[in-house]
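Per-entry structural report
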Amino acid sequence: MSKKEQVIQELNRVISLIHTDIQAISPAEKKQMVEETVEHFNHYVSPGWLAYRKSVSSDSEAGAVLEWQDEGAYCYGLNGEQFIDCLGGFGIYTCGHRNPEILDVVKAQLDHQALHSQELLDPLRGYLAKAMADITPGDLQYCFFTNGGAEAVEMALKLARIATGGRWYISTVGAFHGKSMGAVSMGGKGTYRTPYTPMIQQVQHVEYGVAEDIRKAIRNLQAVGEKVAAVILEPIQGEAGIIVPPEGYLQEVREICDETGVVLIFDEIQTGMGRTGTMWRCQAEGVTPDIMTYGKAFGGGIMPITGIICKPKLWVQEIIDNPWLLGSPTFGGNPVCCAAALATIKYMLEHDIPGVCKRKGEVLKAGLEALAKKYPKIIQAVRGLGLMLAVEFHTSEMGYACAKGMFARKVLTAGTLVNAKTIRFEPAAVISEQDIQDVLSRMDEALADTQKVFGLE
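In this report, the structure presented in the accompanying data block is examined. Predicted model only: the values in this text are computed from it and were never measured. (Residues numbered from 1 in each chain as written. Predicted model: local features only at pLDDT ≥ 70, side-chain atom pairs only at ≥ 80, totals over all residues. Heavy atoms only, no water.)

Here the focus is the packing of aromatic side chains. According to the stated counting rule, one finds eight aromatic pairs in the structure shown. Note on Y142 and W315: the rings are 5.6 Å apart at their centroids and 20° apart in plane angle, and the pair reads as stacked. You can see Y142 sitting in strand β4 (residues 142–146) and its partner W315 sitting in the loop between β10 (306–310) and α13 (317–321), a full 173 residues away along the chain. The buried category is assigned to W315, whose relative accessible area is 16%. Consider the rings of F145 and Y294, whose centres lie 6.5 Å apart with planes at 65°: the pair is edge-to-face. Of the two residues, F145 is situated in strand β4 and Y294 in strand β9 (residues 291–294); the sequence distance between them amounts to 149 residues. (Phe/Tyr/Trp six-rings, centres within 6.5 Å; stacked < 30°, edge-to-face > 60°. Helix = DSSP H or I, 4+ residues; strand = E, 2+ residues; numbered from the N terminus. Buried < 20%, exposed > 50% of the residue type's maximum accessible area, 1.4 Å probe, protein only.)

Written out as structure tokens, the structure is:
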């Protein structure tokens, strides 16, 4: 058999698995899939992936857990494992896994078109842009759609430079804005930055939550003849461990940017789309940025779509004359992803998803705070708003032990990308009250085990 024939045969087998109901896949075939997946990740994806995901890579009787189905508030493993998903793809699944109302629209769109020609006018992009202008604060108006969060941040950074002629950016320590070169330059963690330095040089990092530091940074740069393009902030820092700034911080930064003629960018990729109890976190503070990025839950947990929206004054003649100057992502704003986003916005508005996140988040947070009081030697703090919550442990090892214990009890959680000192809780808004109580009771058990392991009883 030729190499080509072997590849075709193998692909036929894999595609047949996609077409097969999970119950119809034999135990032997499932075992083979687990073994092959481990081998493929080690040889063709990354040898470090399984070690990095060590809490979930091999802790079941059947070996590694392969995610194969999802629905509502749950992820399902190939061998029938049911997990309450409290990780939520770091904010992707606000509307739940495979939300039927959103999925129905995506399927309908696929029945007549998926991607676009790149030349003709695609109407769904226009409908979605208008919908975004309708649901965002203030006079935000012009949209540019992208595929991933880092790409959206890149567009925001480029737009600020084009619109102002400035070259410097002010970002914050602990910030996370993605890992493309521009986005990682804004990042506030050495772990992500060090391998790539030098990168964009005109970036100054200041302490998050201290508006006066931003004022000083801008004033000092302008005093020596440098022009500042933008300040970029997460309204709540996510990857840093769900850090909520002091009340009034965002408003003061807005005032500073107005006084100094600097563009204000809010990265609402994780905080937006209802996650923190309002459609956009900046709305809770009564602040409108000049540019806002969005993503994560924007595609309804079904399709990948992100983007930016900006005030009209930033859409300068240079961009009007060359619409592709800002960027030209091949798949940005494609019809099937726009269909998912349109359906997501409709679902969120009709079902008051921001309000649901607020109410259920209060219940979950109260439960986590009660556990913190019960296990003060393990838990250091509980933070967050809505269904964007975090539990900080006294050490990363304690956090990892708790996350592993939660996984063993079929609750999916995780730390930040570089350690487990802080565990994030970002479940779907469709999570039931009973599931919330089950999560808390299972965490109680995991914390009791962690306490024993560390001899803190």
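Okay, helix α11 (residues 249–260) next. The first and last C-alpha atoms of α11 sit 17 Å apart over twelve residues, in line with the 16 Å expected at 1.5 Å per residue. Within α11, burial applies to Y249, L250, V253, R254, I256 and C257. Each buried residue of α11 lies within a common arc of 160° when the element is viewed along its axis, so the set occupies one face. Among the structural elements, β5 (168–172), α10 (211–223), β7 (228–233) and β8 (263–267) are those in contact with the buried residues of α11. (Expected span 1.5 Å × (residues − 1). Arc of directions from axis to C-beta. Contact = heavy atoms within 4.5 Å.)

Pairing is antiparallel across the open sheet formed by four strands, whose spatial order is β11-β12-β15-β14. With partners counted over all chains shown, the strands left at the sheet margins are β11 (379–385) and β14 (414–415), one partner each. Where β14 and strand β15 (residues 422–425) come together, two bridges link them in antiparallel fashion. Each residue of the ladder has a partner; that of G415, found in β15, is I423. Across the face of the sheet, helix α17 (residues 433–453) comes into contact with β11, β12 (388–393) and β15 while running at roughly 10° to β12. (Pairing = 2+ DSSP bridges. Axes fitted to C-alpha atoms, helices over the stretch in contact; angles between N-to-C directions.)

Moving on to the pattern of salt bridges. On inspection of all chains with the given rule, the structure shows 24 salt bridges. Among the salt bridges present, the one from E252 reaches R215, with a minimum N-O distance of 3.6 Å. Here E252, found in helix α11, pairs with R215, found in helix α10; they are 37 residues apart in sequence, far enough to count as distant. Classification of E252 as partly exposed rests on a relative accessible area of 30%. We classify R215 as partly exposed; its relative accessible area is 21%. A salt bridge links E362 to K358; its shortest N-O distance comes to 2.9 Å. Note that E362 and K358 are positioned in helix α15 (residues 353–374) at a spacing of four residues, about one turn of the helix. The exposure class of E362 is partly exposed, given its relative accessible area of 46%. Via salt bridges that share partners, R254, D258, D290, K311 and K313 belong to a single interconnected network. (Salt bridge = Lys/Arg side-chain N within 4 Å of Asp/Glu carboxyl O.)

To continue, consider helix α5 (residues 100–110). In an α-helix there are 3.6 residues to a turn, and that puts residues three or four apart on one side. All of the buried residues in α5 are I102, L103, V106 and Q109. Down the axis of α5, the buried set is contained in an arc of 120°. They therefore lie on one face. Turned more than 90 degrees from where α5 packs its buried face, P100, D104 and K107 sit exposed. On its buried face, α5 is in contact with α6 (123–135) and α14 (335–350). One side-chain oxygen at the N-terminal end of α5 lies 2.9 Å from the backbone nitrogen of E101; it belongs to N99. (Polar contact = N/O pair within 3.5 Å; in protein donor to acceptor, adjacent residues only side chain to side chain.)

So, about the nonpolar core. Formed by 87 residues in total, the largest nonpolar core has its most connected members in M132, F425 and M443. Looking at this core, the element that brings in the most residues is α14, giving ten residues. In contact with F425, other than residues within four places in its own chain, are C86, L364, L368, L387, M388, L389, V391, M406, T413, V439 and M443. Membership of the second largest hydrophobic core comes to 25 residues, among which are L157, L159, I269 and I319. (Core = buried A, V, L, I, M, F, W, Y, C linked by side-chain atoms within 4.5 Å.)

Let us now look at the sheet that holds strand β1 (residues 67–71). Spatially, four strands are ordered β1-β2-β3-β13 in an open sheet, and the strand pairing comes out mixed. The sheet terminates laterally at β1 and β13 (411–412), the two strands that pair on one side only. Across the sheet, α17 touches β2 (74–77), β3 (82–85) and β13, and the angle it forms with β3 is around 100°.

Our next topic: the state of the cysteines. In the structure shown here, the tally under the stated rule is zero disulfides. The thiol sulfur of C357 is not disulfide-bonded, and the nearest other cysteine sulfur, from C95, lies at 8.4 Å. (Disulfide = S-S within 2.5 Å.)

Attention now goes to the side chain of T136. One can find T136 in the loop between α6 and β4. By relative accessible area, which is 6% here, T136 ends up buried. Residues in contact with T136, not counting those within four places in the same chain, are W280, M292 and I309.

Bringing the pairing of β15 into the picture now. What you see with β15 is no split at all: T422 and R424 on one side and I423 and F425 on the other are buried throughout. In this sheet, β15 lies alongside β12 in antiparallel orientation, the contact comprising four bridges. Paired with L389 across the strands is F425, a residue of β15.

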